Amino acid sequence: MLTSDTFNIKINILIAKIINNELNALFWKKKESDNWELPSKSLPFNQSFKFVCKSILSELVNNKILKEFNFRLAGHFINEKTVEFNYLCLSKKFKYSFKYNDKLKDITWVNSEKIIKLNLSADALSKNFEFIRFFILNNPEHIFYLIKNEFTLTELQDAFLSLDLENKQFNEKRNFRKWLFQKSKLKNFIEETDKTRKGQHRPAKIFRSI
């Protein structure tokens, strides 16, 4: 039986973002340590997982916007006598504007290439990224948690492709746009703004999620 007497319980939160068409996770370095790690805390006795997730996040963002976030369990593993639970942090309003408190030394975005340079566990991050890919594959509207609020259709397609999702509707431009507008009719997926962005041949329309 899993109890706090036999195992320590650690909560990690996975804050993810697509940057330059690559999936990234946020890592921090605490003042008392030289090691990069996912934002985390031990689970105190008699506290809920959600409470600890918000407590971790409060060290990175203003407390006033904590209610805008929700969390999805991304997996767990046992590391010696510690059970670690990873939670994916989600918010469409999140602008990735972080604060520094007196406990943090630095924060950085980490992709699969950078994690090797920082001498981090590539396997652990890979498993979390696989969870995100599976999550988006089954809930494609959640791609908007990982990208900026406004985008062109090409940028949205590139975001899907950056996750290596094996779906034919993401690979070919015409199929992607047909799938996208069908999805939007069913779920109010995206909407067109009155903005455009300069493109190679003609201005590209700017869209946002609904």
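Everything numeric here is computed off the predicted structure, so don't read it as measured data.

Draft legend 1. Seen up close, the sheet that holds strand S9 (residues 204–209). Taken in spatial order, the three strands of this open sheet run S7-S9-S8, and their pairing is antiparallel. Each end of this open sheet is capped by a strand with a single partner; those strands are strand S7 (150–151) and strand S8 (190–197). Taken together, the five bridges between S8 and S9 define a ladder with antiparallel strand orientation. Note on S9: the bridge partner recorded for Ile-190 is Ser-209.

Draft legend 2. View of the pairing of strand S4 (residues 70–79). The pairing of S4 with strand S5 (residues 82–90) spans nine bridges and is classified as antiparallel. When the bridges of S5 are listed, Asn-79 appears paired with Thr-82. Here S4 folds back onto S5, and the loop between the two strands holds two residues, one of which, Glu-80, carries a positive phi near 55°.

What counts, and at which threshold
- Residues numbered from 1 in each chain as written.
- Predicted model: local features only at pLDDT ≥ 70, side-chain atom pairs only at ≥ 80, totals over all residues.
- Heavy atoms only, no water.
- Pairing = 2+ DSSP bridges.
- Helix = DSSP H or I, 4+ residues; strand = E, 2+ residues; numbered from the N terminus.

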